[in-house]
Amino acid sequence: MACRVLVVVCALVVAGCAGPPPPSAPPEPLQAPELDVETTLPGPPVVAYLTPPPGEPVVDRILASPLMRDPEFQAEVADWIDYWSRSARRWFPDYLYRMGSFEQTVDSALAQRGMPPSLRYLPLIESGYNPRARSHASAVGMWQFMPGTARELGMEVSAFVDERRDPFMSTMAAMGFLQDLHATFDESWFLALAAYNGGPNRARRILREQAPLAQHSDSLFWALREHWPRETREFVPKLVGAIIVAQDPEEYGFGEVERA
């Protein structure tokens, strides 16, 4: 199984990089995202699709990162593949089912901006593609925005209206936020994802304190991994593991997964 995992991961990449310090312990099992008890699961699929622009397929800069060939990073990804295909197998098919309702909107928004197609799986690990998911920290929606971040991105969050639950509006906001983070951290998608998870101010502080003169890069995210909070440190390997399983669920024992 370990050999097959490494082969799958290596097949996604185009370059190499040097290995950092030894890997951290395997991730502990997580609970399925908590649902807002005042609401139900999403209804009919979103129909306000965007039209992707014509042109050549976009190179996925996340899966093409040199860090993807690092053996220690691969080991972390392997732990998350095991998590998604074993510990989370009771609810992972439900995630994929709900993804079918919204993936065309997300894919079109990514294509329109030339962003990595693999970001379509970000709501999978954030909320299980449930627009009504709510975390213990009060993050809400498919993209799990905190109230302050949502308001900064132009969404209304009040006692009567919470636009974080709107799949279309929250997707547009997420695209802009991710693009801004990508530009802020010198086009490193791994640092952008760390900032998305842990907050841009915290990411700036860690980089300023631990590597003030270093060029921002995916490898820098990994080199400083012991300085990130645990959730942020595991965020990118967790995402890559979900991508690998979601792209070929039958390979990981799920059989044919129904899609909404």
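Higher on the page you've got the structure.
Definitions and limits used
- Residues numbered from 1 in each chain as written.
- Predicted model: local features only at pLDDT ≥ 70, side-chain atom pairs only at ≥ 80, totals over all residues.
- Heavy atoms only, no water.
- Axes fitted to C-alpha atoms, helices over the stretch in contact; angles between N-to-C directions.
- Helix = DSSP H or I, 4+ residues; strand = E, 2+ residues; numbered from the N terminus.
- Parallel < 35°, antiparallel > 145°, perpendicular 65-115°, else oblique.
- Left-handed = near helix turned anticlockwise from the far one by under 90°.
- Contact = heavy atoms within 4.5 Å.
- Nonpolar A, V, L, I, M, F, W, Y, C, P; charged D, E, K, R; others polar.
- Buried < 20%, exposed > 50% of the residue type's maximum accessible area, 1.4 Å probe, protein only.
- Core = buried A, V, L, I, M, F, W, Y, C linked by side-chain atoms within 4.5 Å.
- Salt bridge = Lys/Arg side-chain N within 4 Å of Asp/Glu carboxyl O.

**Remarks on the packing of helix α3 (residues 92-113) against helix α6 (residues 167-184)**
Then comes step 1: As a packed pair, α3 and α6 sit with axes 10 Å apart at the nearest point and diverge in direction by 30 degrees. Regarding the angle of α3 to α6, the classification is roughly parallel. Viewed along their axes, α3 and α6 form a crossing whose handedness is right-handed. Where α3 approaches α6, its residues Phe102, Thr105, Val106, Ala109, Leu110 and Arg113 are matched on the opposing element by Pro167, Phe168, Thr171, Met172, Met175 and Gln179.
Then comes step 2: Looking at the contact of α3 with α6 residue by residue, the class counts come to 8 nonpolar, 3 polar and 1 charged.

**Focus on the packing of α6 against helix α7 (residues 189-198)**
Then comes step 1: It is the contact of α6 with α7, at a shortest axis distance of 8 Å, that shows an interaxial angle of 125 degrees. Judged by the angle between their axes, α6 and α7 are oblique. With respect to the hand of their crossing, α6 and α7 are arranged in right-handed fashion. Contact with α6, carried on its side by Phe177, Leu178, Leu181 and His182, involves Trp189, Ala192, Leu193, Ala195 and Tyr196 of α7 and no other residues of that element.
Then comes step 2: A per-class count over the contact of α6 with α7 returns 8 nonpolar, 1 polar and no charged.

**Section: the environment of Phe145**
Then comes step 1: Along the chain, Phe145 turns up in the loop between α4 (122-127) and α5 (147-152).
Then comes step 2: When its relative accessible area of 2% is taken as the criterion, Phe145 is described as buried.
Then comes step 3: A sequence separation of 20 residues divides Phe145 from Arg165, and the C-alpha atoms of the two residues are 9.6 Å apart.
Then comes step 4: The contacts of Phe145, once residues within four sequence positions are left out, are Ser138, Ala139, Val140, Ala150, Leu153, Met155, Arg164, Ser170, Ala173, Ala174, Phe177 and Tyr196.

**Some remarks on the nonpolar core**
Then comes step 1: Core analysis: the biggest nonpolar cluster contains 69 residues, and Trp84, Leu124 and Trp143 have the highest contact counts within it.
Then comes step 2: Listed by contribution, the elements that provide at least two residues to this core are α2 (71-87), α3, α4, α6, α7, α8 (200-210), α9 (218-223) and α10 (230-247).
Then comes step 3: In terms of residues, this core owes the most to one element, α10, which gives 9 residues.
Then comes step 4: Apart from the residues lying within four places of it in its own chain, the contact partners of Trp84 are Arg89, Phe92, Tyr95, Ile125, Lys238, Gly241, Ala242, Val245 and Phe254.

**Quick look at the pattern of salt bridges**
Then comes step 1: Under the definition given, this model contains 7 salt bridges.
Then comes step 2: Across the salt bridge formed by Arg205 and Glu209, the nearest N and O atoms sit 3.7 Å from each other. With Arg205 and Glu209 both in helix α8 and 4 residues apart, the pair spans about one turn of that helix.
Then comes step 3: Taking the relative accessible area as the measure of exposure, Arg205 reaches 35% and is therefore partly exposed.
Then comes step 4: Sharing partners across several salt bridges, the network here consists of Glu103, Asp107, Arg120 and Arg259.

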